[in-house]
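# Working through the structure, step by step
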Amino acid sequence: QVQLEESGGGLVQAGGSLRLSCAASGRTFSSYAMGWFRQAPGKEREFVAAITRNGITEYADSVKGRFTISRDNAKNTVALQMNSLKPEDTAVYYCAAHRTVAGPSRKEDTYAYWGQGTQVTVSS
């Protein structure tokens, strides 16, 4: 089992950058694939980015080229570097973990563990 806690959210102007971090508890972090999802007001939660145990990454088309997911197994953390932010990136961002499939997963149902979320607000 793993517990996840996000940090790094906040208010930023359009075109700016933020770096989200997700800290994981437990000794087996390296065995988990990780993902970031987001939920905007009035919308369903959607996939943002994923990274496998071996560092293979996948991104939603809406963030490709602007966001970068990375992991540090020594520190039990996964990060989401967000550049060129847009007002439509405003959402609560969630970190998630799974050990279900080998490849990166865009599906919420794949992920067994979730953080509480961190708010990102991008002003125009």
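Going through the model one piece at a time under the given rule, you end up with 6 salt bridges. With its nearest N and O atoms 3.1 Å apart, the salt bridge here joins Glu108 to Arg45. Of the two residues, Glu108 is situated in the loop between strand 9 (91-98) and strand 10 (113-114) and Arg45 in the loop between strand 4 (33-39) and strand 5 (46-51); the sequence distance between them amounts to 63 residues. For Glu108, a relative accessible area of 28% gives the class partly exposed. Of the charged contacts in the structure, one is a salt bridge between Glu58 and Arg106, with a shortest N-O distance of 2.4 Å. Taken together, the residues Glu58 in strand 6 (residues 57-59) and Arg106 in the loop between strand 9 and strand 10 connect sequence positions 48 residues apart. One network of salt bridges, with partners in common, ties together Arg38, Glu46, Arg66 and Asp89.

The subject of this paragraph is unusual backbone geometry. For Asn76, which is not glycine, the phi torsion reads 55 degrees and is therefore positive. Along the chain, Asn76 falls in the loop between strand 7 (67-72) and strand 8 (77-82). Its identity as a non-glycine residue notwithstanding, Ser84 has a phi of 50 degrees, on the positive side. Residue placement: Ser84 occurs in the loop between strand 8 and strand 9.

Of all 7 residues in strand 4, 6 are buried; the element is thus mostly enclosed. Judged from the 7 bridges that link them, strand 4 and strand 9 form a sheet pairing that is antiparallel. Note on strand 9: the bridge partner recorded for Arg38 is Tyr93. Of the pairings in the sheet, the one linking strand 4 to strand 5 comprises 5 bridges and is antiparallel in character. Along strand 5, the bridge assignment pairs Trp36 with Ala49. Hairpin connection, strand 4 to strand 5: the antiparallel pair is bridged by 6 residues, and Gly42 has positive phi, about 75 degrees.

Moving on to the state of the cysteines. All told, the structure shown has 1 disulfide when counted by the stated rule. Covalent S-S linkage joins Cys22 and Cys95, the inter-sulfur distance amounting to 2.1 Å. With the S-S dihedral at roughly -80 degrees, the linkage between Cys22 and Cys95 falls on the left-handed side. Of this pair, Cys22 sits in strand 3 (residues 18-24) while Cys95 is found in strand 9, placing the two residues 73 residues apart along the sequence. For Cys22, a relative accessible area of 0% corresponds to the buried category. The buried category is assigned to Cys95, whose relative accessible area is 0%.

Definitions and limits used
- Throughout this document, residue positions are counted from 1 along each chain, in the order its sequence is written.
- For a predicted model such as this one, the threshold for reporting local features is a pLDDT of at least 70, and the threshold for listing and counting side-chain atom pairs is 80 or more; totals across whole chains, interfaces and linings nevertheless cover every residue.
- Think of the side-chain values as coming from all heavy atoms in the structure, minus any hydrogens and water.
- Here, a salt bridge means any side-chain nitrogen of Lys or Arg that lies within 4 Å of a carboxyl oxygen of Asp or Glu.
- A run of H or I in DSSP counts as a helix once it spans at least four residues, and a run of E counts as a strand once it spans at least two, with each numbered from the N terminus.
- Burial classes follow relative accessibility: with a 1.4 Å probe on protein chains only, a residue under 20% of its type's maximum area counts as buried, one over 50% as exposed, and anything between as partly exposed.
- Being paired, for any two strands, means DSSP has found at least two bridges between them.
- Two cysteine sulfur atoms form a disulfide, by the criterion used here, when they sit within 2.5 Å.

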